[in-house]
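Geometric and topological summary
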Amino acid sequence: MSSLYSMKIENLSGIGKKRAELFNKLGVFSVGNLLNYYPRDYEDWSDITEICDVADNTTVCIRATVGSAFKSNYTKSGKFIAKVAVYDESGGAELVFFNNRYIMNMLAYGQTYLFFGKASHTLDGVSMTSPTFQPDNQSSAVQPIYNLTAGLNNKVVTNAVKKALKLLPETVNDPLPESVRSRFKLCGLKYAIENIHFPESIEALETARKRLVVEELLVLNLGLRDLKNRKRAANKNVIIKDYSDSFAKLLPFNLTNAQKRVIGECVGDMMNPDITLNRLVQGDVGSGKTAVAASICYTTVKNGKQCAFMAPTEILTEQHYNSINELLSPAGIKVALLTGSLKPSEKESIRARLETGEIDLVIGTHALITDKTLFNDLGLVVTDEQHRFGVAQRAKLLSKGNSPHLLVMSATPIPRTLGLIIFGDLDISIIDELPPGRQEIDTLLIDSSKRERALGFIKKEAQKGRQAYIVCPLIEESESDLISAEEYAAELMLNYFSDIPVGILHGKMKPAEKESVMRDFADDKLKILVATTVIEVGIDVPNATIMMIENAERFGLSQLHQLRGRVGRGEEKSYCILVSDSTAQTAFERLKTMCSTSDGFKIADADFKLRGPGDFFGSRQHGLPKLSISSLADTRNLDLSQKIADYVILDSNNLLDDRYRALKAEITRLFKTTGDETLN
Ligand code: ADP
Ligand code: MG
């Protein structure tokens, strides 16, 4: 099989230069690629419906004989239209074709064909519009439907695949050795490839698909484990002295045991000359990850090295900067903020001082990644809310030092299986304890008929001195949303909160405006903050006790959990009010999950089951190789691939065994096709 990857697609007969270019557009460059270009869907021509059984608005295959001459005509809009009557033993139907003059020569009177397509019931009986067809004497089977590009139709792709399949040798070099296949009940590669394109039956298709899915996830799994091993590089930034205790003295509170443990795990790695700190710190919202990160930064700086701390949004970055600067600058540490919205001259000055080493700790957004940012001696990279950064971005920041230590923080509890895959190259520390004095947040699900009461409640709480967030479901950075955010806030101010200071926060505001609103809210000058999801991550205002979320059904559970985590940070009783009029069952179930648990991991698992992994990454790329058939949402096969990976590692002595050469080649191939070279 591997040799087929070096055979260019234009070497296939019937594919000239022009067609080859079209195939290239689909990402198909070699014959091997073509065999991996799996159908998007299938038409089941083996399941024939009698005309009398054809239901309205269904896709069917009928076996019917042409029983009339064509009648042709033009529609009012000038389209050519041709109709013909067909029949089987159970009844008759009419076929309609648009803009196809040749059709009249393609279907012969008295001949029997298989017709496949959408059928409907009209006044005249069963009708099919532009069905595809083939002579009845061909074997009726499940037929592949490929994703296409202009100039390349399904037939051309199908024929090319047929030719490519003929080139498969009798015994293909299967990445999964016989022992693995029989143990985990998976079919052979040749069978799988043949049947994913031209299934003998629906069952054969399922068998083939399963095998290919599992193999791809296995390859992904093993590749990420390999990365993890390679990262076990000798420590080029050995930390000599642990300053965790002197850091703890700077804090206005005592660290929890979980925080102390995690700090110890990280510093332990950094002091070990044989390994580099390479760790994901997972902790539920409010578990105090910032203090953990600040402690590690402190120890790093005290040992004479620089730190870069990256967060996904400007507001969060500013908040981290403010709290960490307040804590560390009295201890003589030079902290700086670097975001895209600083004046060019300010950025320049900070970058210059980073390069000379005058700044010890820089806290910033993506602005940190650009080529212009250089360090004198970068010893540690911290990324907050890691799931928002791609693996490649993380790697870019790391490349700015000489194998610096890496600390990745995430509040989004990622389901275990998925976490193992995505963070396969990281060790994991978990902060499984909240600081003392936190209270359960009461979560209520209401419909809009109760909104008025909820707003009344918010008003009362505000008069008592509390603060509230009200979230409207607006997408950041869209012009129209901006208007509605403001309109929404104006309406609230006019009708409910006329004597209460209300602020607005949305993605379209200038960073300085956002910051001043945020600061006013943090300083208790604003009682109510109407916001889009820009408050989603990290923001910390302990006096805020109510989080009301409009159209809650539009948010993912993990997102809702993050939002809810903005309250319940102080001594007072806190509430989360979810407003939704959605009548959809799944939406209701999801929102009920929010009311019944505050355990971020349980919520993440529920979310993952209901919505798949998209919610964890949004549209942001997560930096993993592109998968051609499997999906990270496929938990069952993910689990299976995990098990097989464990088995393979043992059975192959870490893939050194010759029987696994083909599998190893697949790993290299999958990771070569992504931007992941940057990982090293
Ligand atoms: P997250 O883990 O969600 O990032 P933060 O680091 O923002 O949480 O911490 C949430 C709040 O808890 C902050 O106000 C922080 O000062 C406070 N905090 C952190 N650790 C402790 C602790 N051990 N005891 C009391 N408060 C703490
Ligand atoms: Mg945080």
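These figures come from a predicted structure and were not determined experimentally.

**Overview of the overall build of the protein**
If you tally the helices and strands in the protein, you get 23 helices and 22 strands. Taking all 680 residues of the protein together, the buried fraction comes to 53%. Sequence separation of 24 or more characterises 74% of the internal contacts of the protein that already satisfy a separation of 6 or more. Per element, the accessible surface of the protein, about 31,000 Å² overall, is 50% carbon and sulfur.

**Thoughts on the confidence of the model for the protein**
Taken over all residues, the pLDDT of the protein has a mean of 86, while the share at 70 or more is 88%. Note that pLDDT drops below 50 for residues 674-680; the model gives that stretch 17 contacts with residues more than four away or on any other chain.

**Points about the sheet that holds strand β16 (residues 427-431)**
Reading across from one edge, β12-β13-β11-β14-β15-β10-β16 is the order of the seven strands in this open sheet, with parallel pairing throughout. The two strands at the open ends of the sheet, each matched to only one other strand, are β12 (335-338) and β16. With strand direction ignored, the average angle separating the axes of adjacent strands in the sheet is 20°. Along the sheet, helix α9 (residues 257-271) makes contact with β10 (278-283), β15 (405-410) and β16, crossing β16 at roughly 155°. Relative to β12, helix α12 (residues 344-356) is tilted by about 135°, and along the sheet it contacts β11 (306-310), β12 and β13 (361-364).

**Remarks on the environment of I15**
Summarising the element assignment, I15 is placed in the segment before α1 (17-25). For I15, a relative accessible area of 7% corresponds to the buried category. Taking the C-alpha atoms as reference points, I15 and A160, 145 residues apart in sequence, are found 7.8 Å from one another. Those residues in contact with I15 that sit more than four places away from it in its chain are I9, E10, A20, F23 and A160.

**Some points on the side chain of S244**
Tracing the backbone shows S244 in helix α8 (residues 244-250). Residues within four places of S244 in sequence aside, it is in contact with I263, V267, S295 and T299.

**Topic: the pattern of salt bridges**
Under the criterion given, the structure shown has 22 salt bridges. A salt bridge links E170 to K190; its shortest N-O distance comes to 3.6 Å. Of this pair, E170 sits in the loop between α4 (154-166) and α5 (178-183) while K190 sits in helix α6 (residues 189-197), placing them 20 residues apart in sequence. Among the residues examined, K190 registers a relative accessible area of 17% and is labelled buried. For R261, the salt bridge identified is with E265, shortest N-O distance 3.6 Å. A residue pair is termed a helical-turn pair when its members lie 3 or 4 positions apart in one helix, as R261 and E265 do in helix α9 at four residues. Judged by relative accessible area, which is 35%, R261 ranks as partly exposed. Connected through salt bridges with shared partners, the residues D174, E178, R181, R211 and E215 form a single ionic network.

Cut-offs used in this document
Residues numbered from 1 in each chain as written. Chains lettered and ligands numbered in written order. Predicted model: local features only at pLDDT ≥ 70, side-chain atom pairs only at ≥ 80, totals over all residues. Heavy atoms only, no water. Helix = DSSP H or I, 4+ residues; strand = E, 2+ residues; numbered from the N terminus. Buried < 20%, exposed > 50% of the residue type's maximum accessible area, 1.4 Å probe, protein only. Contact = heavy atoms within 4.5 Å. Areas by Shrake-Rupley, 256 points an atom, 1.4 Å probe, with all protein chains shown as cover. pLDDT = per-residue confidence, 0-100. Pairing = 2+ DSSP bridges. Axes fitted to C-alpha atoms, helices over the stretch in contact; angles between N-to-C directions. Salt bridge = Lys/Arg side-chain N within 4 Å of Asp/Glu carboxyl O.

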